[in-house]
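Here's the letter readout for the chains.
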Amino acid sequence: MWHPCTQMKTHETLPLLPIARGAGAWLYDFDGRRYLDAVSSWWVNLFGHANPRINAALGEQLANLEHTMLAGCTHRAAIELAERLAALAPPGLGHAFYGSDGASATEIALKMSFHYWSNRGRPEKRCFVSLAGGYHGETLGALAVTDVPLFRDTYAPLLASHATVPCPDARRARDGRTPREIAGEAAAALEDHFASRHATTAALIVEPLVQGASGMIMYDPHYLARARELCTRHSVHLIADEIMTGFGRTGTMFACEQADITPDFLCLSKGITGGYLPLSCVLSTDAVFAAFYADDVARGFLHSHSYTGNALACRAALAVLDIFRDDDVIAVNREKAARFAALAAPLARHRKVRDFRQCGMIFAFEVDTREPDFARRFFAAALARELLLRPIGRTVYFMPPYVVTDAEFALLVERTLALLDSE
């Protein structure tokens, strides 16, 4: 088996972790050893492994309908999920298009933006702009707006050329400068870019508040507010890639809420099904939908995959939304995040820790090390201490399931401190 984002030769000396089962925030191997899933199994698990409420919903759905194509057919779970997502999202995002995963959501938004401008008689608007260090997936369209060299460079000859603008990285807020001022400077650079390139630019794509794969780069919401203003002024779409930041990770249901903005496209995936099944969704506005509504088939959005709007995946997502509603998860998480911040204070003070930061239920820091193999070595050492961590370069981050308890988070901090002491 060929594993994702992996140099397979690595596993000659680093054995794969064989998972037999999961329960709550823990994974268990076949010998009964446990591992705290501190990264939510690549940021997808919200309410723990083998969650009984999601299990029950899937069992009920399975007894009635597992799947039907969504071309020419429809079903209850897909309709209800579209309605509920529209009600939760920033105002005006009333149209849902389903995909299979985060990269496909990016592809949908990029294609939809380009096709919108073509349908409106503006085919020259075919370029995209993204933030330096941004990550939006690894299919060719998504990779073309991704600025992480490890993923992009090998495939550069296959990719369309698009622009990048400075990232409002709050870590640059030193010598008296604030994160908001850094955001303002980056917005000024975006304004300069639009001044000369807006006529050919279809959309700006951003990861709101946190750029995940480039090392959990966090920034001030002011940048999103300014970006929305500039996109509107220059007739450029704003695509909010909330594949990682959505569903409560940053302290609000969607990160865009913290800037009080509505993007033209909202890309969702990962936590949407609580880590159970592949699903993504792109929410768009009335104006976008209207550009495709015509008698001419070629003006329609001709994009699909066989499992679009899969009934089981949609039902898992509905169960996730039920838990958010019934357990008042956003409010509970805010209190939990504050307690976790206090528990993590010793990490922020550790002699090897740099730029400790937090956004909602995401915690990250850099480790002061020159070890080129740091990420792999730290991963292996963490497993020996019952922790599943996956550093990004020198960046260590915690993004546990929301069901993690104070005692479990304290254990995560304590054993991470021990790891740092052994460096």
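Residues numbered from 1 in each chain as written. Predicted model: local features only at pLDDT ≥ 70, side-chain atom pairs only at ≥ 80, totals over all residues. Heavy atoms only, no water.

Asks: What am I meant to see in the packing of aromatic side chains here?
Replies: The geometry of an aromatic ring pair is captured by two quantities: the separation of the ring centres and the angle between the planes. Applying the stated criterion to the full structure yields 17 aromatic pairs. Relative to F324, the ring of F47 lies with its centre 5.2 Å away and its plane at 75°, an arrangement referred to as edge-to-face. Here F47 is found in the loop between α1 (40-43) and α2 (52-62), whereas its partner F324 is found in helix α10 (residues 311-326), with 277 residues between them in sequence. Residue class for F47 comes out buried when judged on its relative accessible area of 6%. Taking relative accessible area as the criterion, F324 reaches 6% and is therefore assigned buried. Summarising the aromatic geometry, the rings of F247 and F254 are spaced 5.5 Å apart at their centres and angled 70° between planes, so their arrangement reads as edge-to-face. Among the aromatic residues, ring-to-ring pairing joins F340, F356, F363, F365, F398 and F409 into one connected group. (Phe/Tyr/Trp six-rings, centres within 6.5 Å; stacked < 30°, edge-to-face > 60°. Helix = DSSP H or I, 4+ residues; strand = E, 2+ residues; numbered from the N terminus. Buried < 20%, exposed > 50% of the residue type's maximum accessible area, 1.4 Å probe, protein only.)

Asks: So what exactly am I meant to see when it comes to helix α7 (residues 179-197) here?
Replies: At 3.6 residues per turn, the α-helix brings residues three or four places apart onto the same side. If you check α7, its first and last C-alpha atoms are 27 Å apart, about what 19 residues at 1.5 Å a residue would give, namely 27 Å. Within α7, the full set of buried residues consists of I182, A183, A186, A187, L190, H193 and F194. Along the axis of α7, the buried positions cluster into a sector of 135°, meaning they face one direction only. In α7, the exposed positions angled more than 90 degrees off the buried face are occupied by D192, A195 and S196. Against the buried residues of α7 lie β5 (127-131), β6 (163-165), β7 (201-206) and α8 (222-233). (Expected span 1.5 Å × (residues − 1). Arc of directions from axis to C-beta. Contact = heavy atoms within 4.5 Å.)

Asks: I keep staring at the pattern of salt bridges and nothing clicks. Help me out?
Replies: Between side chains of opposite charge, pairing is possible as soon as their charged atoms come close. Counting across every chain of the model gives 26 salt bridges. Where R172 meets E185, a salt bridge forms, and the shortest distance between an N and an O atom there is 3.7 Å. With a gap of 13 residues between them, R172 in the loop between β6 and α7 and E185 in helix α7 connect regions that are remote in the sequence. Judged by its relative accessible area of 36%, R172 is partly exposed. The closest approach of N and O atoms between R233 and E229, which form a salt bridge, is 3.0 Å. On the criterion of helical spacing, the pair formed by R233 and E229 is a turn pair, its members being 4 residues apart in helix α8. Take R233: its relative accessible area is 45%, and that puts it in the partly exposed class. Look at E229 and you get partly exposed, because its relative accessible area is 38%. A cluster of three or more residues bridged by salt bridges with shared partners is formed by E80, R84, D322, R325 and D326. (Salt bridge = Lys/Arg side-chain N within 4 Å of Asp/Glu carboxyl O.)

Asks: Is there a simple way to think about the pairing of strand β10 (residues 237-241) in this case?
Replies: For a regular strand, the rule is simple: side chains alternate between the two faces of the sheet. Across the 5 residues that make up β10, a large majority, 5, are buried. Here β10 shows two buried faces, one formed by H237, I239 and D241 and the other by L238 and A240. Looking at chain direction, β7 and β10 are connected through 4 bridges and run parallel. Along β10, the bridge assignment pairs V206 with A240. In this sheet, strand β11 (residues 265-268) lies alongside β10 in parallel orientation, the contact comprising 3 bridges. Along β11, the bridge assignment pairs A240 with L266. (Pairing = 2+ DSSP bridges.)

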